[in-house]
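Notes for the structure review
Now for the letters of each chain:
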Amino acid sequence: MRIELLGRVRAVGDDGSPLEIRGARLRVLLARLALDPGRVVPADALVDDLWAAGLPADAANALQALVSRLRKALGGPETVESVAGGYRLAARAEDVDAHRFEDLLARGRKELAADRPQAASTLLTEALGLWRGPALEDLDGAAFAGASAARLEELRAAAAEERFEAELRLGRHAEVLADLEAAGARHPLRERLAVLRMRALTSAGRQAEALAVYENVRAALADQLGVDPGQELREAHLAVLRGSYDRPAARAEPRLPARLTSFVGRDEELRTVLTLMEGSRLVTVVGPGGAGKTRLAVEAVVRHRAYRDGRLWFVPLAGVETADRLADAVLGALRSADLRPPEGRPLPADPAGQVAELLAGGEAVLVLDNCERLVDGVAELVYALLGRLPYLIVLAVSREPLAITGEALCPLGPLGREAAARLFTDRALSVRPGLAPDPEAVADICRRLDGLPLALELAAARLRSMSVEQVARRLDDRFRLLTSGDRVALPHQRTLHAVVQWSWDLLSEPERALARRFSVFQGGVDEGAVSAVCAEQDGPYVLDALVEKSIVEAAGGRYRMLETVRAFAADELARSGEQEAVRDRLIGHFTRLAEAHEPLLHTRDQLDAFAVFDAEYDNVVVALRSAVAAGDAAAAARLTVSLFWYWNVRYDARAESFMAEALQLGEAVPERPRAAIAAMHELANDRSWFPSVERIRTLIGDCVRTGAIEEYWVLVPVILGTAFTQGLDDLADQELRRALEHREPWVRACAHWVEAFVLVERGDWRAGTRARAKALRGFEELGERYGMAWTLLAAAQAASVDGDHGTALEHYRRGVTVATELGAGEEIWHRTWLAAELVRAGDAASAWREIEAVRRRAEGGVRRHSEMELHRRIADLHRRAGELDEAERALDAMEALARELSVEEEAIADLAAPDRMAILLAAGQAGRARALLPSAVSGTAAQGAAASAAELLARLLLLEGDPAGAATALGLSEAVRGAFDRGEPELAALAGDLRARLGAPEYERAYRRGAGLSRQEALSRL
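Since we're looking at a predicted model, the values are computed, not measured.

Counting its regular elements, the protein contains 51 helices and 13 strands. The C-alpha extent of the protein, read off along each of the three principal axes, is 115 × 85 × 50 Å. When the 1022 residues of the protein are sorted by exposure, 52% land in the buried category. Sequence separation of at least 24 residues holds for 68% of the intrachain contacts in the protein that already meet a minimum separation of 6. Total accessible area computed for the protein in this model is approximately 45200 Å², and 50% of it derives from carbon and sulfur atoms. Here the protein contributes 129 positive and 155 negative side-chain charges, whose respective centroids are spaced 2 Å apart.

The next thing to look at is a negative patch on the surface. Negative charge collects at one region of the surface, where Asp526, Glu527, Asp544 and Glu548 lie side by side. Position of Glu527 among the secondary structure elements: in helix α24 (residues 527-534). Judged by its relative accessible area of 35%, Glu527 falls in the partly exposed class.

With that out of the way, let us pick up the sheet that holds strand β1 (residues 2-4). Read from one edge to the other, the open sheet built from 3 strands follows the order β1-β2-β3, with strand pairing classed as antiparallel. Of all strands in the sheet, those with a lone pairing partner are β1 and β3 (18-19), marking the two edges. Relative to β3, strand β2 (residues 10-12) runs antiparallel, the two being bridged by 2 bridges. Bridging across to β3, Val12 finds its partner in Pro18.

Here we take up the environment of Gly7. Following the sequence through the fold, Gly7 ends up in the loop between β1 and β2. We classify Gly7 as buried; its relative accessible area is 0%. Separated by 742 residues in sequence, Gly7 and Ala749 have C-alpha atoms that sit 65 Å apart. In this structure Gly7 touches Arg132, Gly133, Pro134, Ala135, Leu136, Glu137 and Asp138, once residues within four positions along its chain are discounted.

We now examine the sheet that holds strand β4 (residues 41-42). Strand pairs in the sheet, formed through backbone hydrogen bonds, run parallel or antiparallel to each other. Spatially, the 3 strands line up as an open sheet ordered β4-β6-β5, and their pairing is antiparallel. Edge strands, defined here as strands with exactly one partner in the open sheet, are β4 and β5 (80-83). The sheet contact formed by β4 and strand β6 (residues 86-89) spans 2 bridges and is antiparallel. The residue bridging Val41 from the neighbouring strand is Tyr87, located in β6. Running over the sheet, helix α1 (residues 24-34) touches β4, β5 and β6 and is turned about 80° from β6. Lying over the sheet, helix α3 (residues 59-74) contacts β5 and β6, oriented at roughly 145° with respect to β5.

For strand β10 (residues 392-398), the tally of buried residues reaches 7 of 7 residues, placing the bulk of the element in the interior. Alternating residues of β10 divide into Leu392, Val394, Ala396 and Ser398 and Ile393, Leu395 and Val397, and every residue in both groups is buried. In this structure, strand β7 (residues 282-286) lies alongside β10, joined through 5 bridges in parallel fashion. Of the residues in β10, the one forming a bridge with Val283 is Leu395. For the segment spanning strand β9 (residues 364-369), helix α16 (residues 375-388) and β10, crossover handedness is right-handed.

On to the pattern of salt bridges. A full pass over the atoms with the stated rule returns 94 salt bridges. Between Glu278 and Arg305 there is a salt bridge, and its shortest N-O distance comes to 2.9 Å. A residue pair is termed long-range when its members are at least 10 positions apart, and Glu278 in helix α11 (residues 267-279) and Arg305 in helix α13 (residues 305-308) qualify at 27 residues. Classification of Arg305 by relative accessible area gives partly exposed; the value is 24%. A salt bridge links Arg738 to Glu735; its shortest N-O distance comes to 3.2 Å. Here the residue Arg738 and the residue Glu735 both occupy positions in helix α36 (residues 729-740), the gap between them amounting to 3 residues, near one helical turn. By sharing partners, the salt bridges in this structure join Glu837, Arg840, Asp876, Arg879, Arg880, Arg955, Asp981, Glu984 and Glu986 into a single network.

Once that is clear, we can look at the nonpolar core. Soluble, globular proteins show a tendency: their nonpolar side chains are buried together. Grouped together as the largest cluster of nonpolar side chains are 158 residues, with contacts concentrated most on Phe424, Ile445, Phe521, Phe644, Trp647 and Leu715. One finds Val47, Ala59, Leu74 and Leu105 within the second-largest nonpolar core, a separate group that totals 52 residues.

All of the buried residues along helix α25 (residues 539-548) are Gly539, Val542, Leu543, Ala545 and Leu546. Taken down its axis, α25 places every buried residue within 155° of arc, on the same side. Buried residues belonging to α25 abut α23 (509-518), α24 and β13 (558-560). Count one or two residues on from α25 and you reach Ser550, which has phi positive near 65°.

What follows covers helix α19 (residues 453-461). Of all 9 residues in α19, 8 are buried; the element is thus mostly enclosed. Within α19, burial applies to Pro453, Leu454, Ala455, Leu456, Leu458, Ala459, Ala460 and Ala461. On its buried side, α19 packs onto α17 (417-431), α18 (439-448), α20 (468-473) and α22 (496-504).

Turning to the pairing of β5, a few remarks are in order. By the bridge criterion, 4 bridges tie β5 to β6 in an arrangement that is antiparallel. From the neighbouring strand, Val80 faces β6, where its bridge partner is Leu89. Counted along the chain from β5 to the antiparallel partner β6, the turn is 2 residues long, and its residue Gly85 has a positive phi close to 90°.

The tally for this structure, following the rule as stated, stands at 16 aromatic pairs. Seen from their ring centres, Phe521 and Phe590 are 6.4 Å apart, and the 80° between their planes marks the pair as edge-to-face. Placement of Phe521 in the loop between α23 and α24 and of Phe590 in helix α27 (residues 579-597) is noted, with a sequence separation of 69 residues between them. There is no split in this pair, since Phe521 and Phe590 are both buried. Arranged with centres 5.0 Å apart and planes meeting at 70°, the rings of Trp753 and Phe757 form a pair that is edge-to-face.

Once that is clear, we can look at the side chain of Arg27. Position of Arg27 among the secondary structure elements: in helix α1. Assessed through its relative accessible area of 17%, Arg27 is described here as buried. Within the structure, the side chain of Arg27 is placed 3.0 Å from the side chain of Asp138, a separation counted as a polar contact. Beyond its immediate sequence surroundings of up to four residues, Arg27 is in contact with Val9, Ile21, Asp138 and Leu139.

Conventions and cut-offs
Counting from 1, residues in each chain are numbered in the order their sequence is written. Restriction of local features to residues with pLDDT of at least 70 applies here, the model being predicted, together with a cutoff of 80 or more for giving and counting side-chain atom pairs; totals for whole chains, interfaces and linings are based on all residues. The basis for every side-chain value is the complete set of heavy atoms in the structure, and neither hydrogens nor water enter the calculation. Per the convention used, a helix needs a DSSP run of H or I reaching at least four residues, while a strand needs a run of E reaching at least two, with both numbered from the N terminus. Under the scheme applied here, a residue whose accessible area is under 20% of the maximum for its type counts as buried, over 50% as exposed, and between as partly exposed, the area being computed with a 1.4 Å probe on protein chains only. Any pair of residues with heavy atoms lying within 4.5 Å of one another is described as a contacting pair. Accessibility throughout is a Shrake-Rupley quantity obtained with a 1.4 Å probe, and a residue counts as covered only by protein chains that appear here. Charged residues are defined narrowly, with Lys and Arg counted positive, Asp and Glu counted negative, and His plus the chain ends left uncounted. Working definition for charges: the position is that of NZ of Lys, CZ of Arg, CG of Asp or CD of Glu. A residue counts toward a patch only above 30% relative accessible area and without a salt bridge, and it is joined to like-charged neighbours within 9 Å or, for Val, Leu, Ile, Met, Phe, Trp and Tyr, to nonpolar neighbours within 5 Å. In the sections that follow, a salt bridge refers to a side-chain nitrogen of Lys or Arg positioned within 4 Å of a carboxyl oxygen of Asp or Glu. A pair of strands is treated as paired once DSSP finds two or more bridges between them. As a rule, the C-alpha atoms of each element are fitted with a line to give its axis, helices using only the stretch in contact, and angles between N-to-C directions run from 0 to 180 degrees. Assignment of crossover handedness uses the view with strands pointing away from the viewer, where a clockwise path from the first strand over the helix to the second indicates a right-handed crossover. Throughout, nonpolar core names a set of buried Ala, Val, Leu, Ile, Met, Phe, Trp, Tyr and Cys residues whose side chains join them through atoms within 4.5 Å. To obtain the arc, one takes the directions from the helix axis to the C-beta atoms. Any two rings among Phe, Tyr and Trp, with Trp reduced to its six-membered ring, count as a pair given centres within 6.5 Å; such a pair is stacked if its planes are under 30 degrees apart, edge-to-face if over 60, and tilted if neither. We define a polar contact as two N or O atoms separated by no more than 3.5 Å, with the added condition that, inside protein, one atom must be a possible hydrogen donor and the other a possible acceptor, whereas residues neighbouring each other in sequence contribute only through side-chain atom pairs.

Structure, rendered in structure tokens:
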């Protein structure tokens, strides 16, 4: 979030969109806090600044309400922190434009004092560019705003004067004269501004006008202030009269590649290069083709002091064919700048000596671009020059390092997600002004092009004739698509294919062989996988060479290719005739890996096993699909069953299609794994429907008959759960008895877990509690965190129903800890339920903190389905606080997310109905609540929480004037659940109200009329 004060006060979100700050007083509060970001502003000071004309009756509460509104506008409670004695805006100084302006001004002044006018000009121009109008423009009525705005405006005028000073030192008097005249008209009494105007006019040969400036300012000072000019202005007047102002010598402009577009997304790398150039005499910007290395180097050197002094030379080496012509290329660049040896000395005979002689005479910067084709020769030349010239700095641009002692590297990889999107959008707007591209389509393009700047620019150029969506769809054929590059660019930079071909041509044959074989990997891999699949002699050494040459990236012991390089290498593999052999090695390696680690997913070693699957998952999927495509049914079956439990825990929406593809191989798949895959495919998917009862019986029967349920025992909890939920109690009871005696302790623990739910569903609350405890012990003995987490969740819910909030919170918090260890957002669901329990325990403030923690975690895009429960909890919090509109909006967000996740409309309506009915009841709208009751009953039943429908019915009946019926409905909740929910304060209040209305005896009789029914009778009654 950014706060802008240099103009109209406004806030801007992290995505660049403005945040709506409604009301003048709200903007005053934001501005006052932003003037002291990160520091506490006393509440008394805020009250005085906000209500100087007249304090409200309850100033403290009025301020608190205003802060609450500001928090909502800025995006959450954490944006404005409440601390002892006041409030603090949770923003850094650099996030507020006024403070960033002052920092840039201070840095610019420091550079000017050190006689580095080019750096000063850059900083001061950036500082002045932050202004959008008068400071605090729309806060005229605020007492504090006048003084703050006046101070900022004075600094703005001073910054302009400092920039003019820097430009004049650089010899740019002609460029700034118009701006100086305009500034003089705005500030006719500023003497330093008059001095700067006189210097610029004199440098332009216009002494008479310079003298007129002095006379005009002298007269204005006398008329308006009754004073004479100060010493600096008088001395400037004498200097003009005497002709003692020296005209600045014309500065030699280094010949650099033209910068015709904005510089986007490389600020950190730019700072890195400049820092390295201060401490190292050889700095190499290294990275893959198209990463923007040359542009970064140019942006860096124009900020270096050598640029101001004219001691900077840029040498393109792309056209140099042999190493013995390198020195000649450098000499050509030096001579084109009319550089001559000092004191007319003759040049040495050898080209390297001539270069050294011409560069002698002080600090200089030599930029060598495209070093990769002749890297050995470049290294020798640079080493010789650095040895002869102690004040020379070389900035090299290459796809591999020069590998000289003392070389400092600045690796340049792809742009990050946000920077890539900014670059693409910037270039797109230059082609199609006014275009508003779909952010998701832009993100997809940036992801598939690896954030590679040149590829993004080529894609944006295609928008001259295509839509963003069309470009995204055609990226599978990227080398034909991205051919509309800059016609005047170097040949190897005009098309995406040419960029990669340039790098490919620099590889040796062993390097090309490993690179094309490497293309079969979808994700990153370790060295072992490269050796097993690529089968290249001296593989580790060749792999290191590919890393050096920016064909492969290395990080954390793993290796990956950019998608564009991988696509090129895949084409090379297809032409090589090696594709089938490499594919078979890929399938074999990852089948063995999956089978070795799958059993560990059910043990205390599961974190390590999940880490392996997480790291290798993309490659395992490629192996699976390759096996299916090759008709290798045995390998496809082995891989599919090895992924069952990983898919169950990590959730991949594609898993259903992967299993369907394996089943399409038909009877070629061995019978036992075929039965297991069919059962998992139809029983463990994320659809809102199940096969028919007959189909379920067939699937389970096939698993029993073939022995699949014995060999692939991860099927057991899926089969048991499906059988019970679909009413196949005879089959379910039979399989449950077998599972409780199973040889594998994990299966027994799962069986107890299912048994607990079954017993509770059948109304035996206490027996369910005992079964749940056995399940928890079983998972704890195994160290199996997934089972532990979900059993703890169920145990916490049971303790909460018993009214034991302390035990419930203990279970929830332990469950969060265990689920967090599993990673991949597994804890989101558990923290959401922890927030719900905190509400039931009466601690809404802690519940909101948990909700905000979950919200931040969910922003990473993990566990999207669990976000629906998050929105429900937010709605519940708002409803309990009486904020019914906010509650409705939270449910709207839940429904929107459900549609995004392709949940069926009927299921969405049922999902939201219980919460919407609760809101209507809170609003006293009995008629609308009654109309929603059928959907609420369906929704709670679908979520395994039918007792909640009885509780909603009780509230509805009381609202309709039927307290006896309400008491009976509360009894129905006990019959359905097996216990009355003693942990819900709203139900306790409802029961107390009903006792007061009916009297204790009548309440008990009415309650027993519901509680005395069987569970099925109670459900039928509902």
